[in-house]
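Report on the structure
Now for the letters of each chain:
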Amino acid sequence: MKIVYVLFLCLLSSCAQNIKEPKEKTAEETALSQEEIINSVVKTLHLDQDEIKLGTIVSKVFPSNSDEIIIIIPEIVNEEEDIYELNSHIVIANTTTANIKHKYFESSKTNGWISDAVFTEDIAIEDSEYTLNDSVTAFGVMVKFRNNSQPNPYSTSIVSLYAKKNHTLQKLLDNFTTYESSGEVNVNFSDCYADIVKEKNELKISDITTNGYYDITVLQTITQINYAKDENEECNPIEKSKSEQQYFLKFNNESYEAMKVIAEENTVNFDRLIANTKTRTLPITDSTNFDDFIDEDDYKVVDVKGFKLIDVYPNFYKEGYNFKAIASYKIEMSHNFHTAVITALKDNNEMESVLINYDLNGEIIDYEVVAYDETAEGIARITSKIENHTIERTYTLWLEDKEITVEQFQIDEEGNIKPEK
């Protein structure tokens, strides 16, 4: 009997040694799946499942914090056939509890997420983060748009930067264009023709601060691609650089103002600039229009800062205005001042030439528009006859009847431009 009891005690002891304490779950095992987190967030925000498409929701774990996940929920509003708008819900949630820690909402009326002729192709969270100062790190949301036109293809990408602020998110950069491509393509496969202009804007954090935030350096490159047949009759692209420049985005105490400040090294001395500008001899009839800019070599790089075009067009570098200076020439009108005519393109459907008088130090004295053309409605045009110290400007308007207005201007010895009464 004792032997049996001893064996029984040994058996109990052996079993006790084999019993292990419950193992604590790892962070990976306790974390919810992204699908579970998204479903929880959608429910918490009281969003209508019929107004969102789960396939369009974007999520990414914070690169610098695996306990948090960024979720972007596009909410469909005002949908009619192929036209729709998207409200944006941007959320940072805990990966273990799905609790919302920071959230941001923006209506389609202001976020630009509208699909019509140009539709929303993709929404993504950028892989890299932006360290803007010692305590603020932002993430980027990229939205891509394109059209379905084969003869006139168009695509663009815009990025917005967001950073945590209390329990919400602060939008620090609003819809900045990082890529844009547009042009013309001959869809007849027997021909070989395409003319496409591409603009790329690469963002990098600089080591210079404004109002406590690092400036963002923008490296801009504009290239033109033409398809043409070579000596072997093969259709090949020829890519040519049109311009390269560097500028900065600066923090204005609320957000990064989308205003380009051209770096000093990219400008030249005004005397050299004006000396190297081609001269046209008076009298001149300036009737600049879109028909003058159909070939690759028609567009020239114009020194915006050197010609002080910001003084003429204060919104030149502000996001959404899409100004481009595309041509220039000078007029030998007086020894007391310099005269230049600069052609600017506005948002690809308006073009105007402005006559600018500069003092001998390169400061603007006065200016006046001498030519204008537009392709949006095609109902207005300006041409001018420029003679020694005079401008005769003709404004033509096509409505029910053709209306013509003629104005006369005098240029005095100091370079001031005054309308005749």
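Here, residues in each chain are numbered from 1, in the same order as that chain's written sequence. Restriction of local features to residues with pLDDT of at least 70 applies here, the model being predicted, together with a cutoff of 80 or more for giving and counting side-chain atom pairs; totals for whole chains, interfaces and linings are based on all residues. Note: side-chain values were computed over all heavy atoms of the structure, leaving out hydrogens and water.

A word on the overall build of the protein
Note the cut-off: Think of it this way: any DSSP run of H or I at least four residues long counts as a helix, any run of E at least two long counts as a strand, and we number them from the N terminus. Buried means the residue's accessible area, taken with a 1.4 Å probe over protein chains only, is under 20% of the maximum for its type, while exposed means over 50%, and partly exposed covers the values in between. Calculation of accessible area relied on Shrake-Rupley with a 1.4 Å probe; when residues are assessed, cover is drawn exclusively from the protein chains displayed.
Of regular secondary structure, the protein possesses 6 helices and 23 strands. Across the 421 residues in the protein, those meeting the buried criterion constitute 42%. For the protein, the exposed surface amounts to about 24,100 Å²; the carbon and sulfur share of it is 48%.

A closer look at the layout of surface pockets
With a probe scaled to a water molecule rolled over the atoms, the places where space remains empty come into view. Note the following rule: Only protein atoms enter the calculation, which uses a 1 Å grid: trapped sets of points that fit a 1.4 Å probe without letting it out are cavities, open sets showing protein on both sides within 12 Å along at least five of seven lines are pockets, and any residue with an atom within 4 Å of a point is a lining residue. Grid points are joined across faces, edges and corners, and a volume is the space filled by probe spheres set on the points. Each residue is assigned to one of three groups, with Ala, Val, Leu, Ile, Met, Phe, Trp, Tyr, Cys and Pro labelled nonpolar, Asp, Glu, Lys and Arg labelled charged, and all others, Gly among them, labelled polar.
Roughly 410 Å³ of volume is contained in the second largest pocket. Lining the second largest pocket are 22 residues, with Lys278, Lys300, Ala327, Ser328 and Tyr329 positioned closest to its centre. A total of 3 residues in the lining of the second largest pocket trace back to one element, the largest contributor, which is strand β16 (residues 323-331). Looking at the lining of the second largest pocket residue by residue, the classes come out as 8 nonpolar, 7 polar and 7 charged.

Quick look at the environment of lysine 308
Keep this limit in mind: Any pair of residues with heavy atoms lying within 4.5 Å of one another is described as a contacting pair.
Mapped onto the elements, lysine 308 comes out in the loop between β15 (284-286) and α6 (309-312). Taking relative accessible area as the criterion, lysine 308 reaches 21% and is therefore assigned partly exposed. Taking the C-alpha atoms as reference points, lysine 308 and tyrosine 358, 50 residues apart in sequence, are found 9.7 Å from one another. Beyond its immediate stretch of four places on either side in the chain, lysine 308 contacts Gly362, Glu363 and Ile364.

Brief notes about empty space enclosed by the protein
Taken as a whole and assessed by the stated rule, the structure comprises 1 cavity of 30 Å³ or more. Quantified by volume, the largest cavity comes out at close to 40 Å³. In this structure, the largest cavity is lined by Ser88, Glu106, Asn111, Trp113, Val141, Val143, Ser160, Tyr162, Lys171 and Asn175. Of all elements in the fold, only β7 (137-146), β8 (154-165) and β9 (168-185) reach the threshold of two or more residues within the lining of the largest cavity.

What to know about the state of the cysteines
Short version of the rule: Disulfides are defined in this document as cysteine sulfur pairs within 2.5 Å.
One pass over the structure, following the stated rule, counts 1 disulfide. A sulfur-sulfur distance of 2.0 Å marks the disulfide that ties cysteine 192 to cysteine 235. Residues cysteine 192 and cysteine 235 share a disulfide whose torsion about the S-S bond is about 80°; that sign makes it right-handed. Taken together, the residues cysteine 192 in the loop between β9 and β10 (194-210) and cysteine 235 in strand β12 (residues 235-251) connect sequence positions 43 residues apart. For cysteine 192, a relative accessible area of 14% puts it in the buried group.

Things to note about the confidence of the model for the protein
Stated precisely, the cut-off is as follows: A residue's pLDDT is the predictor's confidence in that residue, given on a scale from 0 to 100.
Confidence in the prediction of the protein, expressed as mean pLDDT, is 85, and 88% of residues score 70 or more. Below a pLDDT of 50 lies the segment residues 1-20, which in the model reaches 0 contacts outside its immediate sequence neighbourhood of four places, other chains included. Low pLDDT, under 50, characterises residues 261-268; the predicted model gives this stretch 22 contacts beyond four residues in sequence or across chains.

Considering the pattern of salt bridges
Rules: By convention in these notes, a salt bridge is any Lys or Arg side-chain nitrogen within 4 Å of a carboxyl oxygen on Asp or Glu.
As enumerated under the stated definition, the model contains 16 salt bridges in all. Between arginine 146 and glutamate 121 there is a salt bridge, and its shortest N-O distance comes to 3.1 Å. Taken together, the residues arginine 146 in strand β7 and glutamate 121 in strand β6 (residues 119-131) connect sequence positions 25 residues apart. What makes glutamate 121 partly exposed here is its relative accessible area of 43%. Of the charged contacts in the structure, one is a salt bridge between aspartate 412 and lysine 418, with a shortest N-O distance of 3.7 Å. Of the residues examined, aspartate 412 reaches a relative accessible area of 19% and is grouped as buried. Through salt bridges that share partners, Glu68, Lys101 and Lys164 make up one connected network.

Focus on the pairing of strand β22 (residues 402-411)
We apply this condition: In this scheme, strands are said to pair when DSSP sees at least two bridges between them.
Relative to β22, strand β21 (residues 390-398) runs antiparallel, the two sharing 9 bridges. The residue bridging isoleucine 391 from the neighbouring strand is phenylalanine 409, located in β22. Between the end of β21 and the start of β22, which pair antiparallel, lie 3 residues. Pairing analysis gives 3 bridges linking β22 to strand β23 (residues 417-419), with the strands arranged antiparallel. Following the sheet pairing, isoleucine 411 is matched in β23 by isoleucine 417. Linking two consecutive strands that pair antiparallel, namely β22 and β23, is a turn of 5 residues; a positive phi of about 95° is found at glycine 415 within it.

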